[in-house]
There are 2 protein chains.
Amino acid sequence: MRKVTVRRERIKDLRKEEWASIQAEKDLAAVMPRVREIIAGVKDRGDAALREYTERFDRVKLKELEVKPEEIEAARSSVDELTLRSIEAASRAIKRFHYRQKRRAWGEEFSEGIFLGELFVPFELVGAYVPASYFSSALMCVIPAVIAGVREIIVCTPPRTDGTIDPRTLVAAELAGATRIFKAGGAQAIAALALGTETIPKVQKIVGPGNVYVTAAKLVAREEGVEIDFPAGPSEVLIIGDETANPAFIAADMLAQAEHGEKSQAVLLTTSANLAAEVERIIIAEAGQARGAQFRILTAESLDECMEFANAYAPEHLELMVREPMDRLKRIRNAGSVFIGNYSPVAAGDYATGANHVLPTAGYAKLFTGLDVDHFMHRITIQWLDKGGLEKIRETVVRLSTAEGMERHAQSIEKRFLD
Amino acid sequence: MRKVTVRRERIKDLRKEEWASIQAEKDLAAVMPRVREIIAGVKDRGDAALREYTERFDRVKLKELEVKPEEIEAARSSVDELTLRSIEAASRAIKRFHYRQKRRAWGEEFSEGIFLGELFVPFELVGAYVPASYFSSALMCVIPAVIAGVREIIVCTPPRTDGTIDPRTLVAAELAGATRIFKAGGAQAIAALALGTETIPKVQKIVGPGNVYVTAAKLVAREEGVEIDFPAGPSEVLIIGDETANPAFIAADMLAQAEHGEKSQAVLLTTSANLAAEVERIIIAEAGQARGAQFRILTAESLDECMEFANAYAPEHLELMVREPMDRLKRIRNAGSVFIGNYSPVAAGDYATGANHVLPTAGYAKLFTGLDVDHFMHRITIQWLDKGGLEKIRETVVRLSTAEGMERHAQSIEKRFLD
């Protein structure tokens, strides 16, 4: 086993270009040719290609691609009662938060006779990718779509070698409101959702976490006219702690982060040399069983320096364990989700607070937003004028349209005042 | 001059596949190789390539790419007072609507000790493409970005052959709040914004309308990691009218639509044979000077049939001139903006109601949303638990994380209850 090491540096010794953590892109480029091949295969040969890739990558020859109602029944009776109740509890919390998040149509008379507003309309058909046995992600992907009002929500998740799906994933997807579930994983699942096959319908948008193949395939899907939530890279946590932070809690959260694998990053930024030393000591003492991750502790001269670094890094998870967190919160520009105080570990949000855990990583939080109800809706403006309202803006419209060479636009206004 | 023709058909005689108007994509594929070449050129040679393409396509050899303060000064004094006042009036209305649209941070205690919320944070650096002399689009692209709080808003707009920019476009861009303005058009401008050159900074997101080259370049920009608002195709209006609709107003709006060029579509759906005949008569009588567009009149057996067609077509502009428009509004799923009643012509929204006129066309309204403040912001969730709050979800988190094989996640919770 590789010995755990913790890199300790001072922020000011790093070049600013090192602050951002865009490490995933190199990996994407490396897998892109194979992913394009898989997508071309599914494009040409549909289900036949999908079955072949499943046989090759998941080592199973599937009879049926779609999960049958009996399989869901069987899954429900095979999951133990306590796990089932925990899935239900998580589901309730996720529903409450996302329901609060949903936007509702509004309209307002902006000036007499000029009524403007917005409608928020769900997509009709979306796909969610759920990595094998990450049943919590099934809840996180499907529930926001249900709350948005999406009519058809397709889940793809890789089969096990015996051709079944993890029963907890089936139960969670069904409980959340998935309308159809298919046994398909990796780039081939994304290809099927993006292009459609004989069995799997082409969707409007694909969401959900996945490995580097899934992410690369989602990027190619965009070229095919399907939208995606965002590309995902290895998971990461960045913690900002001052002398009030609890080193045992920080070390525990960094070690938890390490469970996401070797490319996962767990970074502490601190103004306190004591905290840095103590966290390092605990990680090294307790890391025994931890899969290797990238542990880094960076010391800073001020919390401002920490905030600046955090905004450049744009972490998926940002923990703020400082004396006056609300003052700092205002300065956050780039992060997936922010966890405040000593009792808000990332794990709480991963499973049960109700907030979504599908978040942009690898610097993508500068550009993208974690999964939410908005991801499943589009917006339409509404404009309703009466004759008096139109009269008020008549001159502005006529003058500007004429100036732009749009005489007929001007006439379409004037026609309404002929009588 | 080509004689104007109006196609008249019955909706029920069309195949459903004909309902959608995805006509732009073929054009995109045709220009894509040239666009990729231009983008590769700018990637390799930066400003030098940009200048060469400007010389080739805009027929001007530029000394400076960036517009200087003196040029804006000069523009301001050359625009006539009435036009200036109209630009200001439009700008005020656009600001009011978009300000109302802006989302504000919220937080709520979802259960005792579990506080969740959302932050809405502007992008830092965006680019807006403004086609030459469409100064109203400068307002529409820049104002929502300013209201979102974007720090740096770069405008690119093609120069005239004398090396200047239309003074009205300069005035509008500056009034709206653009921070820098560059003389660059077409795919080469999009390439510069997406990749950055010695002079033009690389932006996070590119918005704004443009021709097929600009749209193709925006799609390639996404492959380079820059977000876009949405691809754009030829403009279109779809009008639903019953016997209460005014045929002269409908014909005027269809003729106005035709000003956007030959690929532009103006479609009337109606349950009234009289209305169909009358609109056709007026269009043919008055089209004399109109540039050719695609005029179509489709008769339907019911307004439900019209609504179904409209949702499949997903028009950029949808005019509803029917007896009970609010009943119909609920059934709209796909449109850029909806104009209700006899006194809400598209031209009003193009210039002065305050709603945005940069809207998805060519069926893209199924997937994308017209330009708004949201396009310039991303969202961050916040999670703040106290010990009591964490205690409440403790069992759920521990059970679910353990079930997913994430023991360290469970420990990160349990550590907080050791004392």
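Predicted model only: the values in this text are computed from it and were never measured. (Residues numbered from 1 in each chain as written. Chains lettered and ligands numbered in written order. Predicted model: local features only at pLDDT ≥ 70, side-chain atom pairs only at ≥ 80, totals over all residues. Heavy atoms only, no water.)

### So, the environment of D47(B)
All names here are of chain B.
Part 1 of the reasoning: Looking at where D47 falls in the secondary structure, it is placed in helix 1 (residues 24–58).
Part 2 of the reasoning: A sequence separation of 202 residues divides D47 from F249, and the C-alpha atoms of the two residues are 48 Å apart.
Part 3 of the reasoning: Excluding residues within four positions of it along the chain, D47 makes contact with L65, T197, E198, T199 and I200.
Part 4 of the reasoning: Within the local environment of D47, its side chain forms a polar contact with the side chain of T197, the two groups lying 2.6 Å apart. (Helix = DSSP H or I, 4+ residues; strand = E, 2+ residues; numbered from the N terminus. Contact = heavy atoms within 4.5 Å. Polar contact = N/O pair within 3.5 Å; in protein donor to acceptor, adjacent residues only side chain to side chain.)

### Comments concerning the packing of aromatic side chains
Part 1 of the reasoning: Tallied over the entire structure, the rule returns 16 aromatic pairs over all chains.
Part 2 of the reasoning: When the ring of F97(A) is compared with that of F110(B), the centres are 5.7 Å apart and the planes differ by 55°; the resulting orientation is tilted. A residue pair is termed interchain when its members come from two chains, as with F97(A) in helix 3 (residues 81–101) and F110(B) in strand 2 (residues 106–111).
Part 3 of the reasoning: By relative accessible area, F97(A) is classed as buried at 0%.
Part 4 of the reasoning: Relative accessible area serves as the criterion here: at 11%, F110(B) is assigned to the buried category.
Part 5 of the reasoning: Cluster of aromatic residues (ring-pair linked, three or more members): F97(A), W106(B) and F110(B).
Part 6 of the reasoning: The aromatic ring of W106(B) is capped on one face by R100(A), whose charged end is 3.9 Å from the ring centroid.
Part 7 of the reasoning: Lying over the aromatic face of Y99(B), R104(B) brings its terminal NZ or CZ to 4.7 Å of the ring centre. (Phe/Tyr/Trp six-rings, centres within 6.5 Å; stacked < 30°, edge-to-face > 60°. Buried < 20%, exposed > 50% of the residue type's maximum accessible area, 1.4 Å probe, protein only. Lys NZ or Arg CZ within 6 Å of the ring centre and 35° of its normal.)

### Side note on the sheet that holds strand 1 (residues 6–10) of chain B
Part 1 of the reasoning: Here we have nine strands laid out as an open sheet, ordered 2(A)-3(A)-14(A)-13(B)-12(B)-9(B)-10(B)-11(B)-1(B), and mixed in their pairing. Looking at which strands have only one partner, the edges of the open sheet turn out to be strand 2 (106–111) of chain A together with strand 1 of chain B. Pairwise comparison of adjacent strand axes, ignoring direction, gives a mean angle of 20° for this sheet.
Part 2 of the reasoning: Inspection of the sheet shows strand 9 (residues 236–241) of chain B paired to strand 10 (residues 265–270) of chain B by six bridges, in the parallel sense. Residue pairing for strand 10 of chain B: V237(B) is matched across the bridge by A266(B).
Part 3 of the reasoning: Sitting on the sheet, helix 13 (residues 387–403) of chain A touches strand 2, strand 3 (114–122) and strand 14 (377–385) of chain A, and the angle it makes with strand 14 of chain A is about 90°.
Part 4 of the reasoning: The sheet strands contacting helix 3 (residues 81–101) of chain B are strand 2, strand 3 and strand 14 of chain A, and the helix crosses strand 2 of chain A at an angle near 150°. (Pairing = 2+ DSSP bridges. Axes fitted to C-alpha atoms, helices over the stretch in contact; angles between N-to-C directions.)

### With respect to the packing of helix 2 (residues 69–78) of chain A against helix 5 (residues 167–176) of chain A
All names here are of chain A.
Part 1 of the reasoning: One can describe the packing of helix 2 onto helix 5 by two numbers: an axis separation of 8 Å at closest approach and a directional angle of 110°. Between helix 2 and helix 5, the angle is such that the two are roughly perpendicular. Contacts between helix 2 and helix 5 pair E71, I72, A75, R76 and S78 from the former with P167, L170, V171 and E174 from the latter.
Part 2 of the reasoning: For the contact of helix 2 with helix 5, the residue count by class is five nonpolar, one polar and three charged. (Parallel < 35°, antiparallel > 145°, perpendicular 65-115°, else oblique. Nonpolar A, V, L, I, M, F, W, Y, C, P; charged D, E, K, R; others polar.)

### A word on empty space enclosed by the protein
Part 1 of the reasoning: Summed over the entire model, instances satisfying the criterion amount to eight cavities of 30 Å³ or more.
Part 2 of the reasoning: The volume enclosed by the largest cavity comes to roughly 580 Å³.
Part 3 of the reasoning: In terms of lining, the largest cavity is formed by 28 residues, of which the most central are K205(A), H375(A), K205(B), E227(B) and H375(B).
Part 4 of the reasoning: For the lining of the largest cavity, the elements supplying multiple residues, two or more each, are strand 8 (227–228) and strand 14 of chain A together with strand 8 (227–228) and strand 14 (377–385) of chain B.
Part 5 of the reasoning: For the lining of the largest cavity, a count of residues per class yields ten nonpolar, six polar and twelve charged.
Part 6 of the reasoning: The computed volume of the second largest cavity comes to approximately 70 Å³.
Part 7 of the reasoning: Elements with a contribution of two residues or more to the lining of the second largest cavity: strand 14 of chain A together with helix 3 of chain B.
Part 8 of the reasoning: Class assignment of the residues belonging to the lining of the second largest cavity gives a composition of four nonpolar, seven polar and three charged.
Part 9 of the reasoning: For the lining of the second largest cavity, the domains that each give at least three residues are domain 1 (28–229) and domain 2 (233–365) of chain B. (1 Å grid on protein atoms, 1.4 Å probe; cavity = no way out; pocket = protein on both sides within 12 Å on 5 of 7 lines; lining within 4 Å. Points joined across faces, edges and corners; volume = space filled by probe spheres on them. Domains from an automatic or database assignment.)

### What to know about the pairing of strand 3 (residues 114–122) of chain B
All names here are of chain B.
Part 1 of the reasoning: Of all nine residues that make up strand 3, eight are buried, and the element is covered over most of its length.
Part 2 of the reasoning: One ladder, built from five bridges, connects strand 2 with strand 3; its direction is antiparallel. Bridging from a neighbouring strand, G107 pairs with G117 of strand 3.
Part 3 of the reasoning: Counting the residues that bridge the hairpin from strand 2 to strand 3 gives two residues, and of these G113 lies at a positive phi of roughly 90°.
Part 4 of the reasoning: Pairing of strand 3 with strand 14 involves nine bridges; the strand directions are antiparallel. When the sheet's bridge partners are listed, L116 is paired in strand 14 with Q383.

### Comments concerning the relation of the copies chain A and chain B
Part 1 of the reasoning: Overlaying chain A on chain B yields an RMSD of 0.0 Å, the required transformation being a rotation through 180° with an accompanying axial translation of 0.0 Å. Taken together, the rotation and translation describe the operation of a two-fold axis.
Part 2 of the reasoning: Taken as a fraction of all interface residues of chain A, those also at the interface in chain B reach 100%, which identifies the copy contact as same-surface. (Least-squares fit on C-alpha atoms with pLDDT ≥ 70 in both.)

### Some words on unusual backbone geometry
Part 1 of the reasoning: Despite not being glycine, S133(A) shows a phi value in the positive range, around 65°.
Part 2 of the reasoning: Turning to its location among the elements, S133(A) is positioned in the loop between strand 4 (125–129) and helix 4 (135–148).
Part 3 of the reasoning: In this structure, R59(B) is a non-glycine residue whose phi angle is positive, near 55°.
Part 4 of the reasoning: Within the element layout of this structure, R59(B) appears in the loop between helix 1 and helix 2 (69–78).
Part 5 of the reasoning: Classification of R59(B) by relative accessible area gives exposed; the value is 61%.

### Topic: the domain arrangement of chain A
Part 1 of the reasoning: The domain boundaries assigned to chain A delineate domain 1 (28–229), domain 2 (233–365) and domain 3 (386–417).
Part 2 of the reasoning: Domain 2 of chain A and domain 3 of chain A are separated by 56 Å when their C-alpha centres are compared.

### Points about the sheet that holds strand 6 (residues 180–183) of chain B
Residues and elements named next belong to chain B.
Part 1 of the reasoning: Taken in spatial order, the five strands make up an open sheet running 6-5-4-7-8, and their pairing is parallel. Every other strand in the sheet has two partners, leaving strand 6 and strand 8 as the edge strands with one partner each.
Part 2 of the reasoning: Here five bridges tie strand 4 (residues 125–129) to strand 5 (residues 152–157), and the two strands are oriented parallel to one another. Across the sheet, residue L125 finds its bridge partner in strand 5, namely E152.

### Structural notes on the state of the cysteines
All names here are of chain B.
Part 1 of the reasoning: Taken as a whole, this structure holds zero disulfides over all chains when the rule is applied.
Part 2 of the reasoning: Looking at C141, it has no disulfide partner, and the nearest cysteine sulfur is the one in C156, 12 Å off.
Part 3 of the reasoning: On the accessibility criterion, C141 (1% relative accessible area) is buried.
Part 4 of the reasoning: Look at C156 and you get buried, because its relative accessible area is 0%. (Disulfide = S-S within 2.5 Å.)

### Things to note about the interface of chain A and chain B
Part 1 of the reasoning: Facing the 113 residues of chain A at the interface are 113 residues of chain B.
Part 2 of the reasoning: Taken together, both faces of the contact between chain A and chain B bury some 10500 Å²; the carbon and sulfur share is 56%.
Part 3 of the reasoning: The partner of D253(B) in a salt bridge is R416(A), with the nearest N and O atoms 2.7 Å apart.
Part 4 of the reasoning: Along the contact surface separating chain A from chain B lie 70 residue pairs in polar contact (both at pLDDT 80 or more). (Buried area = accessible area lost by both parts, 1.4 Å probe. Salt bridge = Lys/Arg side-chain N within 4 Å of Asp/Glu carboxyl O.)

### Some thoughts on helix 5 (residues 167–176) of chain B
Residue and element names in this part refer to chain B.
Part 1 of the reasoning: Summarising burial for helix 5: seven of the ten residues are buried, a large majority.
Part 2 of the reasoning: Listed in full, the buried residues belonging to helix 5 are P167, T169, L170, V171, A172, A173 and A176.
Part 3 of the reasoning: Those residues of helix 5 hidden inside the fold are in contact with helix 2, helix 3, helix 4 (135–148), strand 5 and strand 6.
Part 4 of the reasoning: Note on helix 5: the residue one or two positions beyond its end, G177, has a positive phi of about 120°.

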